[in-house]
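# Structure assessment
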Amino acid sequence: MSRLKAYANRLSHLFLPLSVLALLIIINLIKGTDYFSITMVNGAFYGNIPNILFGASELVILSIGMTLVTAASRGQDISIGEIGAITSATFVLYVLNAREVTLLTILVGFLISCVVGIILGAFNGTLVSVFKVQPMVATLILFLGGRSIAFMIDGKVSPILANEISNKIGTVIPGVPIQTPIILTAVFIAIVAIVLKTTNLRLYVESVGINPNAARLNGIDPKKIIFLTFLIMGVCSAVAGFIAVNKAGRHDSVNILKFIMMDAILAVALGGNSLAGGKFSITGSIIGAYTIEMLNRTLLRLEVNPEAIKSFKAVFIIILMVIASPVVRVMVKKVLDRAKMLYAERQADGLNNTVVSITGTTGKKED
Amino acid sequence: MQSEIILKMEGICKSFPGVRALHNVDFVLRKGEIHALMGENGAGKSTLIKVLTGVYEKDAGQTILDGRPVHFKSPQEALNMGIGTVFQEIMLCPNLTVAENMFIGRSRNNFVQWTKMNAKAAQILDSLGIQASPTQELSSCSIAVQQMVAIARAIDMDCKILILDEPTSSLDDDEVNKLFALMRELKSRGVGIIFITHFLDQVYEISDTITVLRNGKLIGEYQTATLSQIELISHMMGKALSDVSEMKKQEQPKSRSSVPVFEATGLSSAAGVRPFNFTIEKGEVNGFAGLLGSGRSESVRAIFAADKVTGGEVKINGKQVKLKTPLDAMKKGIGYLPEDRKHDGIIGELSVRDNIILALQVMKGFFKPFSRKQAEEFANQYIKKLDIRTPSTNTPIESLSGGNQQKVVLARWLLTHPMYLILDEPTRGIDVGTKVEIQKLVLKLAEDGMSLTFISSEIDEMLRVCSRLIVMKDREIVGELSGKNLTEQDAMHMIAQGGK
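Keep in mind the model is a prediction, meaning the values are calculated, not measured.

### Details of the interface of chain B and chain A
- In this complex, chain B contributes 25 residues to the contact, which on the side of chain A involves 19 residues.
- Where the side of chain B that touches chain A is concerned, the elements lending two or more residues are helix 10 (326–331), helix 11 (341–345) and helix 12 (352–364) of chain B.
- Ranked by the residues each element gives to the side of chain B that touches chain A, the list is headed by helix 12 of chain B, at six residues.
- Partitioned by chemical class, the residues of the side of chain B that touches chain A number 16 nonpolar, six polar and three charged.

### Comments concerning the sheet that holds strand 17 (residues 420–424) of chain B
All names here are of chain B.
- Overall, mixed pairing links the six strands, which are arranged 16-17-18-13-19-20 in an open sheet. Strands at the two margins of the open sheet, each flanked by one partner only, are strand 16 (334–337) and strand 20 (476–482). Going across the sheet, the axis of each strand differs from the next one's by a mean of 20 degrees, ignoring polarity.
- When strand 13 (residues 285–289) meets strand 18 (residues 451–455), the two strands line up parallel, connected through two bridges. Paired with V285 across the bridge in strand 18 is L452.

### Observations regarding the domain arrangement of chain A
- Under the domain assignment used here, chain A contains domain 1 (11–324) and domain 2 (328–366).
- For domain 1 of chain A versus domain 2 of chain A, the distance between C-alpha centres works out to 50 Å.

### Let's talk about the environment of B:F103
Residues and elements named next belong to chain B.
- Along the polypeptide, F103 turns up in helix 3 (residues 98–103).
- The spatial distance from the C-alpha of F103 to the C-alpha of M363 is 52 Å, given a sequence separation of 260 residues.
- Among all residues touching F103, those that are not within four sequence positions of it are M117 and A121.

### A closer look at the nonpolar core
- In terms of nonpolar packing, the biggest core is built from 230 residues, with A:A264, B:V149 and B:A289 touching the most fellow members.
- Per-element tally for this core: the top contributor is helix 12 (residues 222–248) of chain A, with 16 residues.
- Sequence-distant contacts of B:A289, defined by excluding residues within four places in its chain, comprise B:I459, B:M462, B:L469, B:I470, B:V471, B:M472, B:A491 and B:I495.

### Here we look at helix 14 (residues 402–415) of chain B
All names here are of chain B.
- With 14 residues, helix 14 should reach 20 Å at 1.5 Å per residue; the first-to-last C-alpha distance of 20 Å fits that figure.
- A large share of helix 14 lies buried, amounting to 13 of its 14 residues.
- Where helix 14 ends, the next residue or the one after it, H417, has phi of about 45 degrees, a positive value.

### As for the sheet that holds strand 14 (residues 309–316) of chain B
Residue and element names in this part refer to chain B.
- With antiparallel pairing, four strands are arranged side by side in an open sheet as 12-11-14-15. If you trace the sheet from one side to the other, it starts and ends with strand 12 (276–280) and strand 15 (319–321), each paired once. Strand after strand, the sheet turns through a mean of 20 degrees between neighbouring axes, direction not considered.
- Where strand 11 (residues 262–269) and strand 14 come together, six bridges link them in antiparallel fashion.

Conventions used here
Note that residues are indexed from 1 along each chain, following the sequence as it is written. The order in which chains are written sets their letters, starting at A; the order in which ligands are written sets their numbers, starting at 1. Given that the model is predicted, a residue must reach a pLDDT of at least 70 before its local features are reported, and side-chain atom pairs must reach 80 or more before they are shown or counted; all residues, however, enter totals for whole chains, interfaces and linings. Contacts are defined on C-beta atoms placed from the backbone: any two residues whose C-beta positions lie within 7 Å are in contact. We count a stretch as a helix when DSSP gives it H or I for four or more residues in a row; a strand needs E for two or more, and each element gets its number in order from the N terminus. Three classes are used, and their members are as follows: Ala, Val, Leu, Ile, Met, Phe, Trp, Tyr, Cys and Pro are nonpolar, Asp, Glu, Lys and Arg are charged, and the others, Gly among them, are polar. If DSSP finds at least two bridges between two strands, the strands pair. Whenever a helix is involved, its axis is fitted only over the stretch in contact; in every case the axis is a line through C-alpha atoms, and angles between N-to-C directions fall within 0 to 180 degrees. For the domain bounds, the source is a domain assignment made automatically or taken from a database. By definition, a nonpolar core groups buried Ala, Val, Leu, Ile, Met, Phe, Trp, Tyr and Cys residues that are joined through C-beta atoms within 7 Å. Exposure in this text rests on C-beta crowding, where 20 or more other C-beta atoms within 10 Å of a residue's own make it buried, 12 or fewer make it exposed, and counts in between make it partly exposed. The C-beta atoms are placed from the backbone. For a helix, the expected span equals 1.5 Å multiplied by the residue count minus one.

Below is the structure:
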């Protein structure tokens, strides 16, 4: 019984993202009942759902890192797209300079880009944890300068990744029915799940985010934990950059992962997480990320004018946030309580009144 | 003093869920009087001020200002009626100018007449003798001047009453003197001043009248000139001097081992406690006594390395060690239950279970989480042992009552099986039943061989539990009491006079 209750409690945290997801599915089903249909092309699955899973890969990975940064530091990292641009630039640089592109080349390139991501994360993390700069201000530096650095690394020529393996990573591996980015994302989520299971990351991050003073007095160093979340964010950015550049097949420093931090922050918020830190739900953020991708594609499917898509998205998000805001929640609760009280009073008033009111209403109907 | 009464509060009652904060309290303030409001933690001083200024709604009683009953619904309303308040923390905007700070939120229309405002500010500052220019940025002023600007802001309108809630806690001696000069200036103009502080010397230096509150009740109003410090302390702590009963002291079992469990020499910390020596034996319960702000919390924080340790040597079981962080102290078997439960103790949104296992989990290591089952077992064990009332182990700790929250934090430290446990005000703000339970537990733990330091604002509680009292005043150890000397009277004398 108590387990059931705990389960219901967990679900209530995911109420917002799940209800939005359901709403979007309903809208799409109204538009056309073939929404869930999946077709097989060249031995791989395609269709609305696979497309969403494919398209949201980078966002899902980034929103996981953003969830941790938000929970521990009570702020957001806005340089994730730029870090991804830099790490993917180093990846491309390494691969293009290799004489022969083998799986090992790609792997080493990926690991180098992860190291670069960790270094950039350490830069942000140091500013936030040691120098106490607000996360958004600290990460503003790389947000502004990051793409220039990426330019310098890739040589401003927007190099093309014309090798077989990159193509497979960005699309499908023959014989595997699921697109590679979807698989990579699933593997990444699994790794995160294992890390959360085998370490105290959750307990430490949540403690630091909720009450850094108490955390410190219990032997947790808040600085280290905040620093750590920025390192993790750096790795997430590198992985997202890796997927994005292989999807695109070329490194476009201007447009790769552009403004993706907005969607990542939104995914965290949609996932029912407080942007002021504390307890977090990575599951919520992941659902939030997929929801955002579904929203983008739903608007396309509804044939909204491409120029107007962003404003439609904005309106949708405003409505969502207002409905989910604590103010509205309190208001709804008040209204419900009042209704309950009125109901109870009416019952207490006795049966005589009810009879009168029933005859009254029927009388009106006849008019 | 037969001067005219400007404020009269009669039969004020105020309750919060589960706590009776004020019960039938009367308070009178006269024109040109500096009136000290005294009492230990939780006595109801700030509640009374908040009721007066309209922050809280009172449950019963009435407030009479200038002979007319008044009822303030907000601090702004009180301010408009001439009651200015300056709080402990300076609530000004450091990046605005002095004049802007004085007039912010004050202008009747939406446009600011800068020259007029600056001229008015200059006039007020000048008349109060505050050394600041109206156009100066506030952050460039010293803390004392900032404090005085806050006062200038509070009294700028035709102020009749000024409330100063611990205005001196962040000031040095020289700055305090400046503030007192300003207070005397206001007094001579007929302003009634309510002064709250923990520094007894200051009370005697400046106040005319003292009202003492204890546990939400009025103890009495006294003329400062005729009330001795020792009497004042006995009123605040709740034991009449004549009533020093022969309490049966529980003899602590003392295994007189030659090496103390913990020994510190010349320990000092960044929190500003003077270098001190301290030892504790196995199975001993000792305590730091002294008024709030005397440095008792700072001392134990230095022992646990909760504040940055700036000097001194520490020996544990005779071996010299270096404790740099709380984790170092924890690993050496020290536990610390902090004074401010909400701010330093509980992790509010986390479950009772996580709060219980936290310290032990951290000691075990980042990569070795307890299994859910193990954590659940630990939690249930201590919920049973300490009789913690919680719907489940999953309940967020913040939804428990204060006493149960405290038990959870206590459970957290007991779970680590420390050899030396520091309890800083473990019984503050919790119900009497739980208080007694905790006292009994402390004695039981000592019997089992644990060393404990127990701090409380209530002197009789400390006398009941501790076998040795270390008395502090003004951030310095002024003496020690044990054995036959450990009586209420001796303790109060020492707290009041500082040393023998």
